[in-house]
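Residues per chain are reported as follows:
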Protein chains: 2
Amino acid sequence: MLKEPIVTVDETIVRKNIRKMSAKAKKHDVLLRPHFKTHQSAEIGAWFRQENISTCAVSSYKMAQYFADNGWQDIMIAFPVIPGLVNEYSDLARNVTLHLFLSDPEAFDMFKNISHPVQIMIELDTGNKRSGINIQDANLIASLVQKIQHESIHHFAGFAVHAGETYHAESIEQIKSIYTYNQKIFQQLKMQYPEAIISFGDTPSATNANDFDGIDELRPGNFVFFDWMQRQLGSCCADEIAMAVECPVVASYEQGERLVVHGGAVHFSKESVQNEDGKNIFGVVAGTEAGQIEPVGFVESLSQEHGIVKIPKEKHRTFSIGDTIPIWPVHSCLVADIAGFYKETNSGRIIDKM
Amino acid sequence: MLKEPIVTVDETIVRKNIRKMSAKAKKHDVLLRPHFKTHQSAEIGAWFRQENISTCAVSSYKMAQYFADNGWQDIMIAFPVIPGLVNEYSDLARNVTLHLFLSDPEAFDMFKNISHPVQIMIELDTGNKRSGINIQDANLIASLVQKIQHESIHHFAGFAVHAGETYHAESIEQIKSIYTYNQKIFQQLKMQYPEAIISFGDTPSATNANDFDGIDELRPGNFVFFDWMQRQLGSCCADEIAMAVECPVVASYEQGERLVVHGGAVHFSKESVQNEDGKNIFGVVAGTEAGQIEPVGFVESLSQEHGIVKIPKEKHRTFSIGDTIPIWPVHSCLVADIAGFYKETNSGRIIDKM
């Protein structure tokens, strides 16, 4: 019987997700630079390598170091450069092709302290309002390109955009319209800077778009596991969700309609999405309904170690104390970050991660 | 310069918070059984011991084992028993006085498999709807007490309640009214079961209540660090918040009104509270205003590694790339769980944790 929550990853589904995205990138002649923040695992990285993918993105220096140690030679840290890490960047750049983000003009001075040449990507903000230089600031962008080329030892590699707005889209149409808006910007940029790489990334765009003209490089991450948020956005089907958190049932109330599982905020994080009925949910209990994989229940609330699961009576699903419930997370990246390791769903084998 | 987010804990404030709660418990003649899930640190546990506190609560078996290894002899696992852990409970009970929760009548059978006597607390639900037996089920409660006493090797120790509703209270008056409602229940229970220990715990009640008649044991946890949620609930003042996440500033936009820090969902978790203006916030930038510690900015959104901080212009606070901003978390327990260690705020010394 299960002693504590365990994060499972289905290798068959993951490999299928990788192959599908890789085939799409090939078909459209764009480089796939998968974002490894989602899995943070050298072994899963190797599954990408088996599909001839040799470039990756990460979200921190530590992750870059981990994947460099595991043989990755072309790594992009898709996060604004951190002044405290100039020595680490310098050392890493000696061993791998390192792409770094220039996200604020003030950060240019910092690059002067990086003693080995790196590939500078200017991060642009096309409306996400997270990090990046406002796409409207054409003069500023032009002057930064000039500065990199003439006042530094580094290479100007191109432009990077993360259109995180797609995560708040309410329909596939809205995702596509955000994507099309971005694509027009890229096509213009490409005319102005024909040598620049345009790197674009987010799973909702990468899965839903079908025309990548203007884009050189795709940088999605989440598609490796997917999750309930992506299913709700329309980026995947239920049978493409590769990750679950297996939780032991520890109490059952209201004739089994309210369950308590060991599986709380420290396992799932506190990411939530609004369900069809307007309520926030923190995870989904998967089941098979008439041959289809469908939700049979929802995690209604989380405290530190408790998960409260609602199983509607009409679902006829009874769980008892000691049973294990596999729960799809709302956001697999955050669950992966917390997990110490993964258990492969079918074989039970341990998959190591950083 | 800071290389990555670091969680700081101010020893002076923590010791003050411990002394204050300890003095309150002594004054009202209740046992303080602090919930160590908040700090998960043997060293901070030792600060409690220096105030003559020798009992604690934890939220998982692993935490219980950690504190047992660090000399704690009377431990309550304030979470429903997990069937998969019967052997672990048996072993632990040989070395320490172990209190376990019976939260569902079905779990009684499981206790038969625990081979060393433990102290059974019947967990009651007085309205929180998380775990525990409904307080209305008087016959069920009576039969469970009977069963423990006559059909098991274990001791019936008492009743435990967590009134988590107080975390959703909108005023101190509402916290007090939830508390008073619970207290009446305890006074009745005490008449029926005079030998039973009544263990009650949550920081909003423990800090705001001033009459503990009917209660034998207080089980608050968060008060050791406090956080912005508690400040908003009225459980603490700003100068009692002992924890902050120090984050490096990596980009600044809109004349410094929007900052990007390295400090995201993987450092803060995604707990949020509604600010006065109705917006959800994920952390608070502290500053001194006219001699008072007051917020000068808010974390408006979090992605995996990015925190977006808004600093209103009228606050006249300018941060540059490379600066470090200390950010109060919304929920210190979740930040503590993620942290690998703490840095003592004033000395810079490392405080280890599990």
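Values in this document were obtained by computation on a predicted structure and should not be read as measured data.

1. Here's the deal with the pairing of strand β5 (residues 97–102) of chain B
Residue and element names in this part refer to chain B.
Consideration 1: Most of β5 sits out of view: 5 of its 6 residues are buried.
Consideration 2: Two elements, strand β4 (residues 74–80) and β5, share 5 bridges in a ladder whose sense is parallel. Opposite Asp74, over in β5, you have Thr97 as the bridge partner.

2. Looking at the domain arrangement of chain A
Residue and element names in this part refer to chain A.
Consideration 1: As assigned here, chain A comprises domain 1 (35–220) and domain 2 (238–348).
Consideration 2: Distance from the C-alpha centre of domain 1 to the C-alpha centre of domain 2: 34 Å.
Consideration 3: Across the contact, 6 residues belong to domain 1 and 5 residues belong to domain 2.
Consideration 4: Summed over both sides, the interface between domain 1 and domain 2 buries roughly 440 Å², with carbon and sulfur atoms accounting for 52% of that surface.
Consideration 5: Taken together, domain 1 and domain 2 are joined by 0 salt bridges.
Consideration 6: Taken together, the links from domain 1 to domain 2 amount to 2 residue pairs in polar contact (both at pLDDT 80 or more).

3. Quick notes on the interface of chain A and chain B
Consideration 1: On the side of chain B, 54 residues touch chain A, which itself brings 54 residues to the contact.
Consideration 2: In this structure, Lys129 of chain B engages Glu254 of chain A in a salt bridge whose closest nitrogen and oxygen atoms are separated by 3.1 Å.
Consideration 3: Where the side of chain A that touches chain B is concerned, the elements lending two or more residues are α3 (61–69), β4 (74–80), β11 (243–253), β12 (258–262), α10 (265–268), β17 (306–310) and α11 (332–338) of chain A.
Consideration 4: Considering only residue class, the side of chain A that touches chain B consists of 24 nonpolar, 14 polar and 16 charged.

4. Comments concerning helix α6 (residues 138–151) of chain A
Residues and elements named next belong to chain A.
Consideration 1: Between its first and last C-alpha atoms α6 spans 19 Å; for 14 residues at 1.5 Å apiece the expected length is 20 Å, and the two agree.
Consideration 2: For α6, the set of buried residues is Ile141, Leu144, Val145 and Ile148. Within α6, the buried residues cover an arc of 100° as seen down the axis, which keeps them to one side. In α6, the exposed positions angled more than 90 degrees off the buried face are occupied by Asn139 and His150.

5. Observations regarding the pattern of salt bridges
Consideration 1: Scanning all chains against the criterion turns up 40 salt bridges over all chains.
Consideration 2: Between Arg349 of chain A and Glu43 of chain A there is a salt bridge, with the nearest N and O atoms lying 2.7 Å from each other. Of the two residues, Arg349 of chain A sits in the loop between β19 (341–344) and β20 (350–352) while Glu43 of chain A sits in helix α2 (residues 42–49), which places them 306 residues apart along the sequence.
Consideration 3: Asp216 of chain B is paired through a salt bridge with Lys190 of chain B; the nearest N and O atoms lie 2.8 Å apart. One end of the pair, Asp216 of chain B, is in the loop between α8 (203–208) and β10 (217–218); the other, Lys190 of chain B, is in helix α7 (residues 172–192), and 26 residues separate them in sequence.
Consideration 4: We classify Asp216 of chain B as partly exposed; its relative accessible area is 26%.
Consideration 5: For Lys190 of chain B, a relative accessible area of 23% puts it in the partly exposed group.
Consideration 6: Three or more residues are tied together by salt bridges with common partners; here these are Glu11, Arg15, Glu43 and Arg349 of chain A.

Analysis parameters
- Residues numbered from 1 in each chain as written.
- Chains lettered and ligands numbered in written order.
- Predicted model: local features only at pLDDT ≥ 70, side-chain atom pairs only at ≥ 80, totals over all residues.
- Heavy atoms only, no water.
- Buried < 20%, exposed > 50% of the residue type's maximum accessible area, 1.4 Å probe, protein only.
- Helix = DSSP H or I, 4+ residues; strand = E, 2+ residues; numbered from the N terminus.
- Pairing = 2+ DSSP bridges.
- Domains from an automatic or database assignment.
- Contact = heavy atoms within 4.5 Å.
- Buried area = accessible area lost by both parts, 1.4 Å probe.
- Salt bridge = Lys/Arg side-chain N within 4 Å of Asp/Glu carboxyl O.
- Polar contact = N/O pair within 3.5 Å; in protein donor to acceptor, adjacent residues only side chain to side chain.
- Nonpolar A, V, L, I, M, F, W, Y, C, P; charged D, E, K, R; others polar.
- Expected span 1.5 Å × (residues − 1).
- Arc of directions from axis to C-beta.

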